[in-house]
Amino acid sequence: MNRLLPRLLLTPAVATLFLWMIVPLVMTIYFSVIRFNLMQPDQSGFVGLDNFEYFITDPSFGTAVGNTLVLLGSVIAITVALGVAIALLINEPFAGRGLVRVLLISPFFVMPTVNALLWKNMMMNPLYGVLAQVWMFFGATPVDWLTDFPLLSVIIMVSWQWLPFATLIFMTALQSMNREQLEASRMDGANYGQQLRYLYIPHLGRSVAVVVMIELIFLLSVFAEIYTTTGGGPGDASTNVAFLIFKQALLNFDAGVASAGALFAVLLANIAAVFMIRMVGKNLDK
Amino acid sequence: MARQSTFTPAYALRTLGAWGVALLLFFPLGWLLLTAFKTELQAIAIPPELFFTPTLDNFHEVQERSDYLLYAKNSVITSVVSTLLGLMIAAPAAYSMAFIKGKYTKDILMWMLSTKMMPAVGALVPIYVLAQKSQLLDTQLALIIVFTLSNLPIMVWMLYSHFKDIPHEILEAARMDGATLWQEVRMVLLPLAMGGMASTGLLCLVLSWNEAFWSLNLTAANGGTLATLIASYSSPEGLFWAKLSAASLMAIAPIVIFGWFSQKQLVQGLTFGAVK
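Residues numbered from 1 in each chain as written. Chains lettered and ligands numbered in written order. Predicted model: local features only at pLDDT ≥ 70, side-chain atom pairs only at ≥ 80, totals over all residues.

A few words now on the overall build of chain A. Counting its regular elements, chain A contains 13 helices and 0 strands. Start at the N end of chain A and walk to the C end: the helices and strands fall as α-α-α-α-α-α-α-α-α-α-α-α-α. In terms of C-alpha radius of gyration, chain A reaches 24 Å, well past the compact-globule figure of 19 Å for 286 residues. In terms of overall dimensions, chain A has a C-alpha envelope of 80 × 75 × 30 Å along the principal axes. For chain A, the proportion of its 286 residues judged to be buried stands at 43%. (Helix = DSSP H or I, 4+ residues; strand = E, 2+ residues; numbered from the N terminus. Rg over C-alpha atoms; globule rule 2.2 N^0.38 Å. Buried ≥ 20, exposed ≤ 12 C-beta atoms within 10 Å, placed from the backbone.)

The next point concerns the overall build of chain B. In terms of regular secondary structure, chain B is built from 12 helices and 0 strands. Listing every helix and strand of chain B by position from the N terminus yields α-α-α-α-α-α-α-α-α-α-α-α. In terms of C-alpha radius of gyration, chain B reaches 23 Å, well past the compact-globule figure of 19 Å for 276 residues. Referenced to the eigenvectors of the C-alpha coordinate spread, the extents of chain B come out at roughly 75 × 70 × 30 Å. Considering chain B as a whole, with its 276 residues, one finds that 48% of them fall into the buried category. Long-range contacts, defined as pairs at least 24 residues apart, comprise 80% of the intrachain contacts of chain B with a sequence gap of at least 6. (Contact = placed C-beta atoms within 7 Å.)

Residue and element names in this part refer to chain B. In this structure, Leu 189 sits in helix H9 (residues 181–210). Spatially, the C-alpha atom of Leu 189 lies 8.8 Å from that of Ile 170, the residues being 19 residues apart in sequence. Contact partners of Leu 189, with chain neighbours within four places excluded, come to Leu 171 and Glu 184.

Residues and elements named next belong to chain A. Relative orientation of the contacting elements helix H3 (residues 59–89) and helix H10 (residues 192–219) amounts to 140 degrees, with a least axis distance of 10 Å. As for how H3 packs across H10, the hand of that crossing is right-handed. On H10, the residues touching Leu 71, Leu 72, Val 75, Ile 76, Thr 79, Val 80, Val 84 and Leu 88 of H3 are Tyr 200, Leu 204, Val 208, Val 211, Val 212, Glu 215 and Leu 219. By residue class, the composition of the contact of H3 with H10 is 13 nonpolar, 1 polar and 1 charged. (Axes fitted to C-alpha atoms, helices over the stretch in contact; angles between N-to-C directions. Left-handed = near helix turned anticlockwise from the far one by under 90°. Nonpolar A, V, L, I, M, F, W, Y, C, P; charged D, E, K, R; others polar.)

Here we take up the nonpolar core. With 163 residues, the main nonpolar core has Phe 223 and Ile 245 of chain A together with Ala 90, Ala 94, Leu 124, Val 156 and Ile 230 of chain B as its most contacted residues. A per-element tally of this core places helix H7 (residues 140–164) of chain B first, with 16 residues. The residues contacting Phe 223 of chain A, other than those within four sequence positions of it, are Ala 242, Phe 243 and Phe 246 of chain A together with Val 121, Ala 212 and Phe 213 of chain B. (Core = buried A, V, L, I, M, F, W, Y, C linked by C-beta atoms within 7 Å.)

Predicted confidence across chain A gives a mean pLDDT of 85, with 96% of residues reaching 70 or more. Looking at the elements of chain A, mean pLDDT is at its lowest for helix H13 (residues 255–285) of chain A, recorded as 76, and at its highest for H3 of chain A, recorded as 92. (pLDDT = per-residue confidence, 0-100.)

Another aspect to go through is the interface of chain B and chain A. One frequently used descriptor of interface size is the decrease in accessible area upon assembly of the parts. Contact with chain B, which involves 82 residues of that partner, is made by 83 residues of chain A. No other element matches the 16 residues that helix H1 (residues 9–36) of chain B contributes to the side of chain B that touches chain A. For the side of chain B that touches chain A, the class distribution of residues is 60 nonpolar, 17 polar and 5 charged.

Attention shifts here to the confidence of the model for chain B. All names here are of chain B. Summing up the model confidence of chain B, the mean pLDDT is 84 and the portion of residues at 70 or higher is 93%. The secondary-structure element of chain B with the lowest mean pLDDT is helix H2 (residues 40–43), recorded at 80, while helix H4 (residues 68–99) shows the highest, at 92. Quick note on the complex model: pTM equals 0.87, ipTM equals 0.84.

Here we take up unusual backbone geometry. All names here are of chain B. Phi at Gln 135 takes a positive value of approximately 60 degrees, unusual for a residue other than glycine. Inspection of the secondary structure puts Gln 135 in the loop between helix H6 (124–133) and H7. A residue is classified by how many C-beta atoms lie within 10 Å of it, and Gln 135, with 10 of them, is exposed. Even without glycine at this site, Asp 138 takes up a positive phi of about 60 degrees. Looking at the element boundaries, Asp 138 is found in the loop between H6 and H7.

Quick look at the environment of Ser 60 of chain A now. Residue and element names in this part refer to chain A. By the secondary structure assignment, Ser 60 is in helix H3. You can call Ser 60 partly exposed: it has 18 C-beta atoms within 10 Å. Once the C-alpha coordinates of Ser 60 and Trp 145 are considered, the two residues, 85 residues apart in sequence, prove to be 21 Å apart. Once you skip the residues sitting within four places of it in the chain, Ser 60 turns out to touch Asp 236, Thr 239 and Leu 244.

The buried fraction of helix H9 (residues 179–187) of chain A amounts to 0 of the 9 residues, a small share that puts the element mostly on the outside. Positioned one or two residues after H9 of chain A, Gly 189 of chain A has a phi angle of 90 degrees, which is positive.

Now for the environment of Thr 39 of chain B. Residues and elements named next belong to chain B. With respect to the helices and strands, the residue Thr 39 is situated in the loop between H1 and H2. Residue classification places Thr 39 among the partly exposed residues on the basis of 16 C-beta atoms within 10 Å. Separated by 105 residues in sequence, Thr 39 and Ile 144 place their C-alpha atoms 37 Å apart. With sequence-adjacent residues up to four places away left out, Thr 39 is seen in contact with Thr 55 and Ala 242.

Printed below as a string of structure tokens:
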């Protein structure tokens, strides 16, 4: 086979991706050092690092970084822990397993804007929401979720969406386990707790890595859930970095500051990427 | 495989537990489904009404109020076209990396995945400005381009891991028998790769259909997708939950039903073949 062919086949994908990466990046770097307000196009000029200073000294900045990490960490922890538990529960046969799978996976296909509005109105509304009804049934005072626990509310919505994904990955992994090994351990008198610790959990290691990686990609930029429910508020209580940049760019029209923020987001993503690539790189050689 | 279907206490407990969890997780969607067929008054009744005469009025009103069909059409066009376009760009690249391994194959793959790590918001201002300058704001074309590019890394990866599972020997045998490259691809590779192509396409269809960041920021009343339409219901104009539910149901039903039929391929595909 000649050497030209592989390059020819690769070029369209590599070239478009390269443009997709480099053009916005260069533009962002340029915008981040000039005065650039979408509402005042006449004002321009080089401002050095002013935009960065403004973005980083903005009191919202620290909150947003914290919220991003809390959101990321909580959703990953919740989906992995509950996902493993549910996967173990449905691993052995039971009546109606196929239907249970269909019910379980459904939230994964719901678009984020619908997810957000569904929870905001029908579940979490402090007067008519289902959760309020449940609270009242037990004689408790209903919670105003989006006002009192905005970040937690977003975490619940996003976890609801991603739990099915984690569950199904873990279930797929469990299905490939060595049945004879399990049988042998039972013969040797291992109880379920021991099987869990020495057989099931170690077997799931790799799929946990995969779930964490995929969720990292998608959760660093949670946006629609915040946009449609809390709008980042009250105050900055549920603003993450993605939403903060959006606010600067399209609500304050300050594209310069937003660009400085975007570069920070890229940095954050790259830190995550290095971590992730180490993890996946190992799997690739196999 | 020791498949026990005999009725034991453990079996009964498992059935009960699994159904309990499944119904709990499905509950919000089930509630949405019920509310869509209620009147507005029934939708906010306390205590909630579980038994009622279903009505289709909400669906009519949604269509009248906001031209559902226009947004649905945009959703279908943007997701289908971007998926096909993505497959056309990604498949040759994945083929070349899976079968003609070069020195930099692994680096290229890693680099591609790392572009997916770049948060969409990092490119918001430039893409917005570019779309504005080229008159593409609020058009289907803008979304098609953005969806294709942002799904491309995932597509290359998924196809690569599917192609890698195809034994080289089969392709070599075809080559030995004097097949040209085109014959090799069309008669040997494509039939074998069809499953992988399909599950990659399905996943990207779902991702594009549900994509909200770019559709919210780049489109509105003309090029907007169903995700945009639903978001427009977020501004409180009183309690119109029945209509909101009907609109939501119309937005998610196609892709949820679609997902039910292809769940296995979809989820396995997303692991890039790392979990079997």
